[in-house]
Amino acid sequence: NIISQRDNNNLHLPWRESFCCHFTNFCNMKIFNPLDLDLFGVVLFLVENVPYLVAGLVVLLIFPSFSPRDPKNAVTVRRTLVLAFIPALIVIISFSVFACSWEDAYARGYQIFSQPSLRSMLESYIETGDGDLNDILESGKYAPTFGYYELRYLAKDLLRHTLFHTNDHNEENIDEGYNKGNDWFNSMLGETMMYTSGLYPTGSETLEEAQNYKIDYVADALQLQPGHTVLDIGCGWTYVAKRLTEKYKAKVTGVTLSKEQLKWGTKWNANNDAKFVLQDAMKIKERDDLPEDGFDRITSLEMAEHVGVRRYQEFLGIVKSLLKDDGVFYFQVAGLRRYWRFEDLAWGLFMGEHVFPGADASCPLGWVSDQLERAGFEIQRVHNMGSHYSRTLADWLVNWRSNEADIVAKYGAESYRRWEVFLAWSVRVARQGSSTLFMFTLTKADVMDERRISSQNHLVPKDIGA
C-alpha cells in the first residue's frame with residue numbers, strides 16, 4: 001500500500017485546520033527569511049563559484065587597503081572581516097535553514113513543542129525497532145525540522161565534500177556507497193542488480209521487466225546499432241552493459257570505481273565481449289586504451305550525482321571530449337524539485353550521511369539543463385519519471401524485507417533498519433516529487449546538423465491520436 005498512499009501531511013486533520021485558521025496571520029509571516037530568499041539557490045551559487053569567492057577573499061586579504069593613509073587598526077579589522085566571511089556565511093545559512101524549518105513546521109500546524117522531529121523518530125526506529133515505520137513517515141505527526149542530526153552531518157562531512165569534492169573523496173565514498181557487499185545489494189536489487197530506476201509503461205511490470213524496458217528505452221534513445229562503441233560511465237553491476245552487448249551487439253566499455261562491482265561484472269559477462277575497467281571517471285582521459293576518435297555513444301545512469309556541484313562542468317567536459325561529433329549521450333540523473341520543502345532537505349541529508357555520501361549534485365531540472373547546455377550539449381529530449389522511481393523503490397523495499405533474516409544475521413538489525421528507512425522514505429519522497437528522475441537524450445550542440453536532425457526525427461512523438 002505504500003506506493004498508493006498520498007501525502008496527507010496537513011490535510012484532513014481537524015486540529016491542524018483549526019490551528020491554521022486561528023493563526024492565519026502567523027502562517028503568512030517569514031520572520032527568519034523576510035526577503036523570501038531561495039536558500040537552495042544561494043547555496044548552489046556559492047558552491048559552484050567557491051573558487052572565485054576564495055580568490056576574491058585572498059586578494060582582499062593581501063590588499064586590505066589601497067590607500068597608505070588608512071590607519072593600521074582599520075586594516076587589521078578589514079583583514080579580520082575577510083577571514084571571518086566564509087565561516088560567518090556558513091553559520092548564517094545554517095541558522096537560517098534551522099530557524100526557517102521550525103517556523104515553517106509551526107505555521108503548518110505541527111506540534112513541534114510536544115512531538116519529536118521526523119528524523120528523530122526515524123533514528124529511534126533504527127536504533128530500537130520500536131514503532132511503525134509507515135506511520136512515522138505517513139501520519140503527518142512529525143515535523144521535518146532541521147536539528148541535531150542535520151547540524152552534526154553538516155559540521156562533520158557535508159561541507160568538506162561539497163566545497164572541495166576531490167578525487168580522493170570519490171574513492172573514500174565508494175566503500176560506504178557501493179562496497180558493502182554484493183549480497184547486501186542483491187537482497188535489494190534482485191536478479192538484474194540494477195541500482196537505477198526502472199520504467200513501468202503499463203504499471204503491471206515486475207521489477208525485472210521494468211529494468212529491461214528501461215535499458216531498451218536507453219538503446220532506442222541512442223539509436224543503437226550493432227558494432228557501435230559505447231562508454232557506460234558508472235556501470236554499476238554491469239547489467240546495462242550486459243544487455244546492450246548481448247541484445248544489441250554493441251561494443252561496451254564499462255567504468256566503475258567499485259572493486260565489488262568490477263568483480264561481479266567481470267564474472268557475469270565472462271561469455272560476452274563487454275569490457276570493464278576500475279577507473280575514476282574524472283581521470284578517465286589518462287587512459288591510453290580508449291578509442292582515438294571517441295565513442296559512438298555514451299551512457300551515464302545516476303552516476304553524475306557523485307561528481308559534485310563544483311565539478312559538474314568538468315565532468316560534462318570530459319564526456320563531451322570522449323563523444324564522437326555524430327554521437328549521442330544518454331544521461332540519467334536523480335534530482336530534486338526546485339520548489340523544495342524542508343522534508344526534501346531532511347531526506348537529502350540523511351541520504352548523504354548514510355546512503356550516497358558525496359552525492360551533492362542531485363539538483364533541480366533547470367540547474368542540470370543549464371549545466372548541460374553550458375557544457376556544449378543540446379537537449380533533444382528529457383523525461384521526468386520520478387513516480388516510476390517510487391515504484392522501483394517500492395519493489396526494492398519488498399525485496400529487502402523478504403531478506404530480513406539473512407541481512408540481520410550478517411550485518412545486524414540496526415543496519416537492516418537503516419536501509420529499510422532509506423527505502424521507505426525514498427518511496428515517499430519520489431512519490432510526492434521531493435526527489436525525481438530526469439532522463440536526457442543529448443547531442444553535441446556545435447557540430448553535425450545531420451546528427452540533431454536524425455535524433456529529432458527519431459524522437460518525434462509517434463502514434464498521437466491513434
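This text goes with the structure placed above it.
Residues numbered from 1 in each chain as written. Predicted model: local features only at pLDDT ≥ 70, side-chain atom pairs only at ≥ 80, totals over all residues. Heavy atoms only, no water.

**Observations concerning the overall build of the chain**
Selection rule: The helix and strand labels rest on DSSP assignments: H or I over at least four residues marks a helix, E over at least two residues marks a strand, and numbering proceeds from the N terminus. Categorising residues by exposure relies on relative accessible area from a 1.4 Å probe, with only protein chains included: less than 20% of the type maximum marks a residue as buried, more than 50% marks it as exposed, and the intermediate range marks it as partly exposed. Throughout, a residue-residue contact means that at least one pair of heavy atoms, one from each residue, lies within 4.5 Å. Areas reported as accessible are Shrake-Rupley estimates using a 1.4 Å probe. Residue values count occlusion only from the protein chains shown.
Counting secondary structure elements, the chain contains 20 helices and seven strands. Split into buried and exposed, the 466 residues of the chain put 52% on the buried side. Long-range pairs, those at least 24 residues apart, make up 78% of the contacts in the chain with a sequence separation of at least 6. Entry remark: accessible area of the chain is about 21900 Å², with carbon and sulfur atoms responsible for 56%.

**Some thoughts on the sheet that holds strand β6 (residues 377–384)**
The cut-off we apply is this: What makes two strands pair is DSSP finding at least two bridges between them. Angular values range over 0 to 180 degrees, each being the angle between N-to-C directions of two axes fitted as lines to C-alpha atoms, with helices fitted over their stretch in contact.
Within the open sheet, the seven strands sit side by side as β3-β2-β1-β4-β5-β7-β6. Their pairing is mixed. A strand with exactly one partner marks an edge of an open sheet, and here the two such strands are β3 (275–278) and β6. Taken over all neighbouring pairs, the strand axes of this sheet differ in orientation by 15° on average, direction set aside.

**Describing the pattern of salt bridges**
Let me state the cut-off plainly: Any Lys or Arg side-chain nitrogen found within 4 Å of a carboxyl oxygen on Asp or Glu counts as a salt bridge.
If you walk through the whole model with that rule in mind, you get 27 salt bridges. We note a salt bridge from Glu-138 to Arg-431, for which the minimum N-O separation is 3.1 Å. In this pair, Glu-138 sits in helix α7 (residues 133–138) while Arg-431 sits in helix α19 (residues 413–432), placing the two residues 293 residues apart along the sequence. Pair check on accessibility: Glu-138 and Arg-431 agree, each one buried. A single salt-bridge network, built from bridges that share partners, covers Arg-119, Glu-123, Glu-150, Arg-152, Glu-353 and Arg-418.

**Things to note about a nonpolar patch on the surface**
The line we're drawing: Each patch is assembled from residues with relative accessible area greater than 30% and no salt bridge, linking like charges that lie within 9 Å and nonpolar side chains (Val, Leu, Ile, Met, Phe, Trp, Tyr) that lie within 5 Å.
A cluster of nonpolar side chains, namely Val-54, Val-58, Val-59, Ile-62 and Phe-63, defines an oily patch on the protein surface of about 420 Å² accessible area. Topologically, Val-54 is positioned in helix α4 (residues 50–62).

**A look at the environment of Leu-137**
By secondary structure assignment, the location of Leu-137 is in helix α7. Residue Leu-137 is classed as buried on the basis of its relative accessible area of 3%. Note: C-alpha distance between Leu-137 and Leu-118 (19 residues apart in sequence) is 7.5 Å.

**Looking at the nonpolar core**
Condition: For the purposes of this section, nonpolar cores are sets of buried Ala, Val, Leu, Ile, Met, Phe, Trp, Tyr and Cys residues that join through side-chain atoms within 4.5 Å.
Ranked by size, the top nonpolar core spans 116 residues in total, and within it Met-188, Tyr-195, Phe-315, Phe-331, Trp-419 and Trp-425 carry the most contacts. With ten residues, the single largest contributor to this core is α19. Leave out the neighbours within four places in its chain, and Met-188 touches Tyr-195, Trp-396, Asn-399, Trp-400, Trp-419, Phe-422 and Leu-423.

**A short note on the side chain of Arg-297**
Mapped onto the elements, Arg-297 comes out in strand β4 (residues 295–301). In this view, Arg-297 contacts Leu-222, Gln-223, Leu-224, His-228, Thr-229, Val-230, Leu-231, Leu-323, Asp-326, Gly-327, Val-328 and Arg-451; residues no more than four positions away in its chain are not counted.

**Quick word on the packing of helix α10 (residues 182–189) against helix α18 (residues 404–411)**
This is how it is decided: For this classification, under 35 degrees means roughly parallel, over 145 means roughly antiparallel, 65 to 115 means roughly perpendicular, and everything else is oblique. With the far helix as reference, a near helix turned anticlockwise by less than a right angle produces a left-handed crossing, and one turned clockwise produces a right-handed crossing. Think of it as three bins: nonpolar holds Ala, Val, Leu, Ile, Met, Phe, Trp, Tyr, Cys and Pro, charged holds Asp, Glu, Lys and Arg, and polar takes everything else, Gly as well.
Relative to each other, α10 and α18 sit at 160°, their axes nearing to 11 Å. One element, α10, and the other, α18, form an angle in the roughly antiparallel class. Of the two possible hands of crossing, α10 and α18 adopt the one that is left-handed. Within the contact between the two elements, α10 uses Asp-183, Trp-184 and Ser-187 and α18 uses Ile-407, Lys-410 and Tyr-411. For the contact of α10 with α18, the per-class residue count stands at three nonpolar, one polar and two charged.

**Digging into the pairing of strand β7 (residues 435–444)**
Burial runs high along β7: ten of the ten residues are buried. Relative to β7, strand β5 (residues 323–336) runs antiparallel, the two sharing eight bridges. Residue pairing in the sheet places Val-333 in a bridge with Phe-438 of β7. By the bridge criterion, seven bridges tie β6 to β7 in an arrangement that is antiparallel. When the bridges of β7 are listed, Ile-379 appears paired with Leu-442.

**What to know about the packing of helix α15 (residues 342–354) against α19**
Packed helix pairs are characterised by how far apart their axes lie and by the angle those axes make with each other. Remark: α15 packs on α19, axes separated minimally by 11 Å, with the N-to-C direction vectors making an angle of 145°. In this structure, α15 crosses over α19, and the sense of that crossing is left-handed. Of the residues in α19, those touching α15 at Glu-343, Ala-346, Trp-347, Phe-350, Met-351 and His-354 are Arg-418, Trp-419, Val-421, Phe-422, Trp-425, Ser-426, Arg-428, Val-429 and Gln-432.

**A short note on unusual backbone geometry**
Residues other than glycine seldom take positive phi values, yet Gln-223 does so here, at roughly 50°. For Gln-223, a relative accessible area of 18% corresponds to the buried category. Of note in this structure, Glu-302 is not a glycine but carries a positive phi near 60°. Turning to its location among the elements, Glu-302 is positioned in the loop between β4 and α14 (312–322). Under the relative-accessibility criterion, Glu-302 is labelled buried at 10%.

**Section: helix α17 (residues 386–402)**
Each α-helix winds once per 3.6 residues, and so residues spaced three or four apart point in a common direction. Note the cut-off: In this scheme, a helix's expected span is set at 1.5 Å multiplied by one less than its residue total.
Look at α17: 24 Å from first C-alpha to last across 17 residues, which is about the 24 Å you get at 1.5 Å a residue. Within α17, burial applies to Gly-386, His-388, Tyr-389, Ser-390, Thr-392, Leu-393, Ala-394, Asp-395, Trp-396, Leu-397 and Trp-400.

**Section: the side chain of Thr-245**
Assignment of secondary structure puts Thr-245 in helix α12 (residues 239–246). Among all residues touching Thr-245, those that are not within four sequence positions of it are Ala-250, Val-252, Asn-272, Asp-273 and Ala-274.

**Regarding the packing of aromatic side chains**
Stated precisely, the cut-off is as follows: Only the six-membered ring of Trp is used, alongside the rings of Phe and Tyr, when aromatic pairs are assigned; centres must lie within 6.5 Å, and planes under 30 degrees apart are stacked while those over 60 apart are edge-to-face, with the rest tilted.
Inspection of every chain in the model, using the stated rule, returns 25 aromatic pairs. On the basis of an interplanar angle of 65° and a centroid distance of 5.7 Å, the ring pair of Tyr-195 and Trp-396 is categorised as edge-to-face. Here Trp-396 lies in helix α17 and Tyr-195 lies in the loop between α10 and α11 (207–222), a separation of 201 residues in the sequence. Considered together, Tyr-195 and Trp-396 belong to a single accessibility category, that of buried residues. Taken together through their ring pairs, the aromatic side chains of Trp-184, Phe-185, Tyr-195, Trp-237, Tyr-389, Trp-396, Trp-400, Tyr-411, Tyr-416, Trp-419 and Phe-422 make up a single cluster.

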